[in-house]
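Inside the fold
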Amino acid sequence: MKNFVLYTLALLGLFATACDPMEDIHADMDKELMAEKEEAVFFAQFEKAPEAHVLTDADYELSSDEGVRQYKNFSKYAEPQDFLPEILNKRFTAPNTTEMMVTYNYYEKPFVDEDNAYELESDDYTEMGQYYPNFDDEDAAEYAIPIFLNEKYKYEKVAVGTQQTVKYNFYQSAQSRYLRVNDDNTVDVLDYEGDDSYELVDADYESLGNGNYNNFYSIEEAQEKIVTFSIESGKGAGNYTCFVYRNYFDRYVVCQLGDEGWSELKSVMPVSGTVAYKVVLPDYTQSYWKFMLPLKFVKVDKAHEVEYTLTDDDYALVGNGQYKNFDVREGKGEESEEVRIEKISTILKANFDVVAGDVYKVHYKVYNGQAEMWEITLEAIEG
């Protein structure tokens, strides 16, 4: 009897001290719910990414680069692949591997190819509605010249992306001009006011026979008479500033052929690029946007740096999640190797920070009447 009592007390003590398994389950569930709540709160502070977004002035203000903030554009000094993602990280979130098209301003001074420029002729000005063989409004010239090129080249095969520099005559009245008299009495026309430049006054024009209007009629007259003035005034060689009534300047417009025709190529142009969102687990706070460089993959026969086998998530990413393979049977979606390369390219860009020259050997599942594993080696190139 005594042993039975002791045994009963021992069992009671065991049950009193043993862990309740339901309590552990509830604790785990509470932790899981708390983690999900924290994750939801973290992502709720960002906007849901749209399919496409055009950067605003406020967006540029989010950049860590002073130039991007000030000029509201990217450039070779602040490339979009380096500074665009940080802006998007502060604004948008999305499901893993989501892609978004972003349009941003990029500064790159157009190359003015003076040596191969097309110089407008008198008939060209007439065709563009000009009474005289010149423009007196730069905005009008920049508007009219691309339209002129569309007509000029409409029957010629010109590759999209081709650039053409056009030289035109620009007229302005009553302008300050800058001249330099050299020791041999030749004269150079300057684009800037020289150091210690002497500016002609009314009495100077009077002495040269131009006192009625106190200017020179043309730059040619100014070049001729400024030598006389430099000698007779005793000022000699040096820089002079004078006033000229009729002025003609060489101006250049750089145009580029696009899908919709010729247009002026400006220093700051809108450019579109693709970015993708990468959800990092388990530390979702490290999730980020990454710039998708304009790269394409081509099939190669060479050594690879990375070997990769597609996962179930990879197939789902490119619309093959149901069977988790590529259907290569005749008439099916992935019969063409070109289609398979395109889908594998999307997968590689989503999983790796791809740069030009990277080579990947990829293993993937196919169905051609039976399940098989195929492989392909791809290299990333610019394009």
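Residues numbered from 1 in each chain as written. Predicted model: local features only at pLDDT ≥ 70, side-chain atom pairs only at ≥ 80, totals over all residues. Heavy atoms only, no water.

Regarding unusual backbone geometry
We apply this condition: Counting from the N terminus, the helices are the DSSP runs of H or I reaching at least four residues and the strands are the DSSP runs of E reaching at least two.
A cis amide bond, omega 10°, links Leu281 with the succeeding residue Pro282. Within the secondary structure, Pro282 is located in the loop between strand 12 (268-278) and strand 13 (288-292). Its identity as a non-glycine residue notwithstanding, Asn185 has a phi of 70°, on the positive side. Along the chain, the position of Asn185 falls in the loop between strand 6 (163-181) and strand 7 (187-190).

A look at the pattern of salt bridges
Opposite charge on two side chains permits pairing when their charged atoms draw close. Quick note on the threshold: The salt bridge criterion pairs a side-chain nitrogen of Lys or Arg with a carboxyl oxygen of Asp or Glu, the two atoms within 4 Å.
Following the criterion strictly, the structure yields 14 salt bridges and no others. Between Glu138 and Arg251 there is a salt bridge whose closest N-O contact spans 3.1 Å. Note that Glu138 is positioned in helix 7 (residues 138-152) and Arg251 in strand 10 (residues 238-258), a separation of 113 residues in sequence. Lys343 serves as the salt-bridge partner of Glu334, at 2.7 Å between the closest nitrogen and oxygen.

Overview of the nonpolar core
Quick note on the threshold: Nonpolar cores were defined as sets of buried Ala, Val, Leu, Ile, Met, Phe, Trp, Tyr and Cys residues, with membership established by side-chain atoms within 4.5 Å. Working definition: with a 1.4 Å probe on protein chains only, accessible area under 20% of the residue-type maximum means buried, over 50% means exposed, and in between means partly exposed. The contact criterion used is simple: two residues touch if any of their non-hydrogen atoms lie within 4.5 Å.
Ranked by size, the top nonpolar core spans 25 residues in total, and within it Phe74, Leu84, Leu88 and Trp289 carry the most contacts. Those elements giving two or more residues to this core turn out to be helix 2 (21-44), helix 5 (80-89), strand 4 (99-107), strand 12 and strand 13. Setting aside residues up to four positions removed in sequence, Phe74 forms contacts with Leu55, Tyr60, Val68, Glu79, Pro80, Phe83, Leu84, Ile87, Tyr104, Asn105, Tyr106 and Tyr107. One finds Val328, Val366, Ile376 and Ala380 within the second-largest nonpolar core, a separate group that totals 20 residues.

Some words on the environment of Phe42
Note on placement: Phe42 falls in helix 2. By relative accessible area, which is 18% here, Phe42 ends up buried. Once the C-alpha coordinates of Phe42 and Tyr284 are considered, the two residues, 242 residues apart in sequence, prove to be 8.6 Å apart. For Phe42, the contacting residues outside a window of four places in its chain are Tyr284 and Thr285.

Overview of a negative patch on the surface
Worth spelling out the cut-off: Put simply, a patch holds well-exposed residues, over 30% relative accessible area, that have no salt bridge, with like charges counted together within 9 Å and Val, Leu, Ile, Met, Phe, Trp or Tyr side chains within 5 Å. Here the accessible surface of atoms and residues is derived via Shrake-Rupley with a 1.4 Å probe, and residues count as covered only by protein chains that are part of the display. We score Asp and Glu as negative and Lys and Arg as positive, and we do not count His or the chain ends. Charged side chains are reduced to one point each, which is NZ for Lys, CZ for Arg, CG for Asp and CD for Glu.
Together, Glu119, Glu121, Asp123 and Glu127 give the surface a local cluster of negative charge. Within the fold, Glu127 resides in helix 6 (residues 122-127).

Don't take any of this as a statement about function, it's just geometry.
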